[in-house]
Amino acid sequence: MQKIKTGDVELRKVFSETLFELMDSDPDIMYLDADLSGAIGTSKLIAEKPEQAIDVGIMEANMVGVAAGLSVKGKIPFVHSFGTFSTRRCADQVFLSGCYNRANVKIIGSDPGVSAQSNGGTHMPLEDVAVFRAFPEMKIFDVAEPNLLRFILKETSEEYGMTYTRFPRKFKGTYYDERQDFKIGKGVVLREGRDVTIIASGLEVFEALHAAEMLSAMYIDAEVIDMFTIKPVDAELICASASKTGAIVTAENHNIIGGLGSAVAEVLAEHCPVPMKRIGARDHFGEVGDQKFLIDKFAMSSGDIVLAAQEVLSRRN
Amino acid sequence: MNFDKKKIDLFAIDIRENIVRTIASKGTGHVGGSLSIADTLAVLYGAVMNVDPENPNKEDRDYIVLSKGHAGPALYAALALKGYFPMETLQTLNKNDTILPSHTDRLKTPGVDLTTGSLGQGTSLAAGAALADKLDGKENYTYLIVGDGELDEGQVWEFALFTAHQNLSNLITFVDANGKQLDGTTEQICRLGSIEKKFESFGFNAITVEDGNDTEQIYNAIMSAKAEKGRPSAIVLHTVKGAGIKRYTKMANCHSVAVGKDELEEILRELDEKRDQIRGCRNAEN
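Residues numbered from 1 in each chain as written. Chains lettered and ligands numbered in written order. Predicted model: local features only at pLDDT ≥ 70, side-chain atom pairs only at ≥ 80, totals over all residues.

**Thoughts on the overall build of chain B**
Next, step 1: For chain B, the count of helices and strands is eleven helices and nine strands.
Next, step 2: On the principal axes, the C-alpha backbone points of chain B span a range of 50 × 45 × 40 Å.
Next, step 3: Sorting the 286 residues of chain B into buried and exposed places 53% on the buried side.
Next, step 4: Across chain B, the fraction of contacts at a sequence separation of at least 24, relative to all contacts at a separation of at least 6, is 76%. (Helix = DSSP H or I, 4+ residues; strand = E, 2+ residues; numbered from the N terminus. Buried ≥ 20, exposed ≤ 12 C-beta atoms within 10 Å, placed from the backbone. Contact = placed C-beta atoms within 7 Å.)

**Quick look at the sheet that holds strand S6 (residues 139–142) of chain A**
Residues and elements named next belong to chain A.
Next, step 1: With respect to topology, seven strands assemble into an open sheet ordered S3-S2-S4-S5-S7-S6-S12, the strand pairing being mixed. The outermost strands of the open sheet, each flanked by one partner alone, are strand S3 (53–55) and strand S12 (229–231). For this sheet the average axis-to-axis angle between neighbouring strands, irrespective of direction, equals 20°.
Next, step 2: For S6 and strand S7 (residues 163–167), the ladder comprises four bridges, and the chain directions are parallel. Its bridge partner lying in S7, Ile140 is registered against Tyr164.
Next, step 3: On the sheet, helix H4 (residues 60–72) packs against strand S2 (29–33) and strand S4 (76–82) and is oriented at approximately 165° with respect to S4. (Pairing = 2+ DSSP bridges. Axes fitted to C-alpha atoms, helices over the stretch in contact; angles between N-to-C directions.)

**Some points on the interface of chain B and chain A**
Next, step 1: Opposite the 22 residues of chain B that make contact, chain A presents 23 residues.
Next, step 2: Those elements that place two or more of their residues in the side of chain B that touches chain A are helix H5 (121–135) and helix H6 (154–165) of chain B.
Next, step 3: At eleven residues, the largest contribution of residues to the side of chain B that touches chain A is made by H5 of chain B.
Next, step 4: Among the residues making up the side of chain B that touches chain A, the classes are represented as twelve nonpolar, seven polar and three charged. (Nonpolar A, V, L, I, M, F, W, Y, C, P; charged D, E, K, R; others polar.)

**Quick look at the packing of helix H3 (residues 38–48) of chain B against helix H9 (residues 215–227) of chain B**
Residues and elements named next belong to chain B.
Next, step 1: At a minimum axis separation of 9 Å, H3 and H9 run at an interaxial angle of 60°. Between H3 and H9, the angle falls in the class oblique. Of the two possible hands of crossing, H3 and H9 adopt the one that is right-handed. In this structure, H3 contributes Asp39, Thr40, Ala42, Val43, Ala47 and Val48 to the contact, and H9 contributes Thr215, Ile218, Tyr219 and Ile222.
Next, step 2: The class makeup of the residues in the contact of H3 with H9 is seven nonpolar, two polar and one charged. (Parallel < 35°, antiparallel > 145°, perpendicular 65-115°, else oblique. Left-handed = near helix turned anticlockwise from the far one by under 90°.)

**So, the sheet that holds strand S2 (residues 63–66) of chain B**
Residues and elements named next belong to chain B.
Next, step 1: As summarised here, the arrangement of the five strands in space is S2-S3-S4-S8-S7, forming an open sheet in which the pairing is parallel. Each of the sheet's edge strands pairs with one partner strand only, and the pair in question is S2 and strand S7 (205–209). Averaged over all pairs of adjacent strands, the angle between their axes in this sheet comes to 20°, without regard to strand direction.
Next, step 2: In this structure, strand S4 (residues 171–177) lies alongside strand S8 (residues 233–238), joined through six bridges in parallel fashion. Residue pairing across strands places Thr173 opposite Ala234, the latter belonging to S8.
Next, step 3: Running at roughly 170° to S7, H9 makes contact with S4, S7 and S8 of the sheet.

**Focus on the pairing of S4 of chain B**
Residues and elements named next belong to chain B.
Next, step 1: A large share of S4 lies buried, amounting to seven of its seven residues.
Next, step 2: Burial along S4 is two-sided: the face carrying Leu171, Thr173, Val175 and Ala177 and the face carrying Ile172, Phe174 and Asp176 are both buried.
Next, step 3: For the handedness criterion, the β-α-β arrangement of strand S3 (residues 142–147), H6 and S4 is classed as right-handed. (Right-handed = clockwise from strand over helix to strand, strands pointing away.)

**With respect to helix H1 (residues 11–25) of chain A**
Residues and elements named next belong to chain A.
Next, step 1: Taking 1.5 Å per residue as the helical rise, H1 with its 15 residues ought to reach 21 Å, and the 21 Å between its terminal C-alpha atoms agrees with that figure.
Next, step 2: Taken together, the buried positions of H1 are Leu11, Arg12, Val14, Phe15, Leu19, Leu22 and Met23. Looking straight down H1, one finds that the buried residues subtend no more than 155° of arc, so they occupy a single side. Residues of H1 that are exposed and point more than 90 degrees away from the buried face comprise Asp24 and Ser25.
Next, step 3: The inward-facing, buried residues of H1 abut S2, helix H2 (37–40), helix H3 (43–48), S4, helix H7 (146–158) and S7. (Expected span 1.5 Å × (residues − 1). Arc of directions from axis to C-beta.)

**Overview of the domain arrangement of chain A**
Residue and element names in this part refer to chain A.
Next, step 1: Annotation of chain A at the domain level lists domain 1 (8–174) and domain 2 (188–316).
Next, step 2: For domain 1 and domain 2, the distance between their C-alpha centres works out to 26 Å.
Next, step 3: Counting residues at the interface gives 27 residues for domain 1, matched by 28 residues for domain 2.
Next, step 4: At four residues, the largest contribution of residues to the side of domain 1 that touches domain 2 is made by S6. (Domains from an automatic or database assignment.)

**As for unusual backbone geometry**
A negative phi angle characterises most non-glycine residues, just as the trans form characterises most peptide bonds.
Next, step 1: With an omega of 0°, the peptide bond running from Lys231 of chain A to Pro232 of chain A counts as cis.
Next, step 2: By secondary structure assignment, the location of Pro232 of chain A is in the loop between S12 and helix H9 (235–245).

**Examining the pairing of S4 of chain A**
All names here are of chain A.
Next, step 1: The element S4 is extensively covered by neighbouring structure, given that seven of its seven residues are classed as buried.
Next, step 2: By the bridge criterion, five bridges tie S2 to S4 in an arrangement that is parallel. Of the residues in S4, the one forming a bridge with Tyr31 is Phe78.
Next, step 3: With five bridges joining them, S4 and strand S5 (residues 106–110) adopt parallel strand pairing. Bridge pairing in S5 links Phe78 to Lys106.
Next, step 4: You can see the chain leave S4, run along helix H5 (residues 91–100) and come back into S5, and the turn it takes is right-handed.

**Structural notes on the nonpolar core**
Next, step 1: With 190 residues, the main nonpolar core has Ile198, Val249 and Ala309 of chain A together with Ile15 and Ile235 of chain B as its most contacted residues.
Next, step 2: In terms of residues, this core owes the most to one element, helix H1 (residues 5–26) of chain B, which gives nine residues.
Next, step 3: Lining this core are residues from two domains, each supplying at least three of them: domain 1 (8–174) and domain 2 (188–316) of chain A. (Core = buried A, V, L, I, M, F, W, Y, C linked by C-beta atoms within 7 Å.)

Next up, the structure:
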């Protein structure tokens, strides 16, 4: 069983350090930013690696197109902006210049959902995953853990194709150790359980692990799965766990429409239907507020997951 | 290289013939914007570009990015005439399972380097390709073709800022300024003002080609652009939509029109007369 630890390193530091390592080892790996390198901690990277790292200015559409053009010539560009602007702001460029053109761009969206905090509703991506899930061949990862972030950055740089990775830049929590093995398309069982399955991603993994502790005190044995790989989603694991527990709760830092909850619901409905409930933003906009305040206000807390677990259990029984 | 105007003018007529034949095989298509850029493609493929039809993906080739992707039939005609694929393939335009979709697709058509179709997007793709070449110290060029209506797209101006800032002199942008877009003239729909002054103010070396359907003027502009090493160049081609075929130049707008059998015969006769003129007189007007 995985335990939550308070980390001492912000994810943006892990991001910039990993990019330094990747770019040192492969001169074709590049980094483009749209005037948010100061926010994501890559200013030093841009200053020290001018041949590989470029701040293009506030032009996300051009950034994605340039990255796609670079990739067709063999470069491996990562592009970053806040999750709102690296997805919906340039959705057609990602679709056509990226996916349809079979380019190789690694899109990073920082501060997904409630982690946008004081930047508020304009900057709070609760729809980014939904936008990209319908783009053919696009892979989508929801990450809020340093070891997982290192893996995703390295793995996506090595495999050709379009990817989108979202992570909260200032978050520090951790629940994996350095030896954890990951695989794209494979979720990770963080806690085995018999009664109910909580499938979570990103920041909501922490809420899910807390919820499992709370449920345990109520003699409910919850299984917790980190489904960081939203697309491709791990249908095999979802069905295996659903047939074991017979009750599913999903928890995502995103609108419940079009994200992880929808992906899991599609698998369950087609292959292994069991009672389920989705936790996440319930089709509303974001707003200014601290992360904890927003998690409570949007009914995405561990307590909300516990209530959802009780509801699906009552429907199952 | 000496420019053989007669040879290139004949090539441009061959491209025109195959544009209308190709579109006639489907019945309808983007005639006007394909014809307006035919002379530029004749110059590029006949006298300028480092490409090899036998090896369409050769590493050091010049890139072509047709950002006004709907002019695909013009590029397909040039590519087929150069031998990238059999001439008969042109008759499959927009038909089921074709390798020639209405908008250019790098994965389907040999000789197409980047996929375009959503206007404005070819610009940034071309900039990325040119930037990669510059970073790798390569000598080849990227040739980008945009329409004047396409300049309405904001992405074009993001591209222009970026390309000038990065000093991508290995990228040559052609603006096919035929003055018309789908819904009317560029003057009616959204005034562009001086395209040259706009690009100049963004940091480009802007070159005017007063007759954008004159192959020699186009060639000279490209040579002038290649001599400019400090800035990217934008060649503004003042063209005529439907150029080279009377029935289309006379139309108020020939953006997308039907081409019937009778019309095709009339057009082929007109093009044959032009060929005779060129063969008979070295300085004949196109």
